[in-house]
Amino acid sequence: MTSIRSDVLSRALDAPAESPLRPLPFEVAELLRSLGAPPRLAAHLRAVHDVAVELADWVADRYPELAVDRDAVLFGAATHDVGKTLHPEELSGPGSAHEAAGRDLLLEHGFTPGLARFAATHASWDGADVTIEELLVSSADKVWKDKRVPDLEDRLVQALAAATGRAPWEEYLALDDLLTRLGADAAHRLAFQAAFPIDQ
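Residues numbered from 1 in each chain as written. Predicted model: local features only at pLDDT ≥ 70, side-chain atom pairs only at ≥ 80, totals over all residues. Heavy atoms only, no water.

**Structural notes on the overall build of the protein**
Stated formally: By definition, any uninterrupted DSSP run of H or I lasting at least four residues is a helix, any uninterrupted run of E lasting at least two residues is a strand, and each is numbered from the N terminus. C-alpha atoms define the radius of gyration in this analysis, and the globule rule sets the expected value at 2.2 Å times the number of residues to the power 0.38. Only protein chains enter the calculation, and the probe is 1.4 Å; a residue is then buried if its accessible area is under 20% of its type maximum, exposed if over 50%, and partly exposed in between. Any two residues whose heavy atoms approach within 4.5 Å at even a single point are treated as in contact. Computed by Shrake-Rupley with a 1.4 Å probe, the accessible areas treat only the displayed protein chains as cover when residues are assessed.
In terms of helices and strands, the protein carries 10 helices and 0 strands. Its helices and strands in sequence order give the protein the pattern α-α-α-α-α-α-α-α-α-α, from N to C terminus. Taken over C-alpha atoms, the radius of gyration comes to 16 Å for the protein, in line with the 16 Å a tight globule of 200 residues would show. Viewed in the frame of its principal axes, the protein has a C-alpha envelope of about 55 × 35 × 30 Å. Looking at the 200 residues of the protein, the share that counts as buried comes to 50%. Pairs at least 24 residues apart make up 69% of the contacts formed inside the protein by residues separated by at least 6 positions. Of the roughly 9,100 Å² of accessible surface on the protein, 54% is carried by carbon and sulfur atoms.

**Examining the nonpolar core**
Cut-off, in case you're wondering: What makes a nonpolar core is a set of buried Ala, Val, Leu, Ile, Met, Phe, Trp, Tyr and Cys residues whose side-chain atoms join them at distances within 4.5 Å.
Core analysis: the biggest nonpolar cluster contains 36 residues, and Val51, Leu55, Trp58, Leu135, Leu136 and Leu182 have the highest contact counts within it. No other element matches helix 3 (residues 39-62), which puts 9 residues into this core. Grouped together as the second largest cluster of nonpolar side chains are 26 residues, Leu24, Val28, Leu31 and Ala119 included.

**Looking at the pattern of salt bridges**
What counts is decided by this rule: Note on definitions: salt bridges are taken to be side-chain nitrogens of Lys or Arg within 4 Å of carboxyl oxygens of Asp or Glu.
If you walk through the whole model with that rule in mind, you get 14 salt bridges. In this structure, glutamate 153 and arginine 148 form a salt bridge, with 2.6 Å as the shortest nitrogen-oxygen distance. Among the ionic pairs, aspartate 185 bridges to arginine 189, the shortest N-O distance being 4.0 Å. Residue class for aspartate 185 comes out partly exposed when judged on its relative accessible area of 24%. Three or more residues joined by partner-sharing salt bridges are found here, namely Arg22, Asp50, Glu54 and Arg181.

**What to know about helix 9 (residues 168-183)**
Residue pairs spaced three or four apart in an α-helix point in one direction, given the helix's 3.6 residues per turn. Put simply, the rule is: Between the first and last residue of a helix there are one fewer steps than residues, each counted as 1.5 Å, and that sum is the expected span. The arc in question is traced by the directions running from the helix axis to the C-beta atoms.
A rise of 1.5 Å per residue sets the reference length of helix 9, with its 16 residues, at 22 Å; its end C-alpha atoms lie 22 Å apart and thus fit the reference within 8%. Looking only at helix 9, the buried set comprises Glu171, Ala174, Leu175, Leu178, Leu179, Leu182 and Gly183. Around the axis of helix 9, the buried residues are gathered within 165° of arc, so they sit on the same side. Of the residues in helix 9, the exposed ones pointing more than 90 degrees away from the buried face are Trp169 and Asp177.

**Concerning a nonpolar patch on the surface**
For clarity, the threshold we go by: Residues enter patches when they are more than 30% accessible in relative terms and free of salt bridges; like-charged ones are connected within 9 Å and nonpolar ones (Val, Leu, Ile, Met, Phe, Trp, Tyr) within 5 Å.
A cluster of nonpolar side chains, contributed by Trp169, Tyr172 and Leu173, occupies part of the molecular surface with about 360 Å² of accessible area. By the secondary structure assignment, tyrosine 172 is in helix 9. Taking the relative accessible area as the measure of exposure, tyrosine 172 reaches 36% and is therefore partly exposed.

Everything listed here is a matter of geometry and, on its own, says nothing about what the molecule does.
Written as structure tokens, this is what we have:
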């Protein structure tokens, strides 16, 4: 049984998708293997990470003067739901127990608080001290399935406009164009995730 689950997990981490998905960072894939993560969770993390790469690269190209920690964004997207290894019921139903559990799990495995925080913050973006990196991880976790969240997008637009001095409407149009393009490929990502079981 463990061997079968391991094989399915490996496929979720490594298999090509109809629209190719980038692999997770090596240390994240190894962590998921060591935890015996649910295959569907691995597929989900891979889909969100893939969108985060697009978001981070867009920010780097459009805002070269903006100091965004790209590696932190990609790690955060790749691990944001890692707590669902401890709360697999939240893979198919609501719940937020995975958030603090994920942060604690990452800390226990030697990751820094700066990286582990995304597991706890990806579902909340209304704090006064939210960072652009956290907004990008939260955005990736929504737009991978073509979900648009106006409050989240407004926070990101305001952060980008404040950092560049450009008008918020200009930043909104640029971000909207990107999110629309990313959302157009959601069906492929959803199909990829759905191809893997929650447990096996």
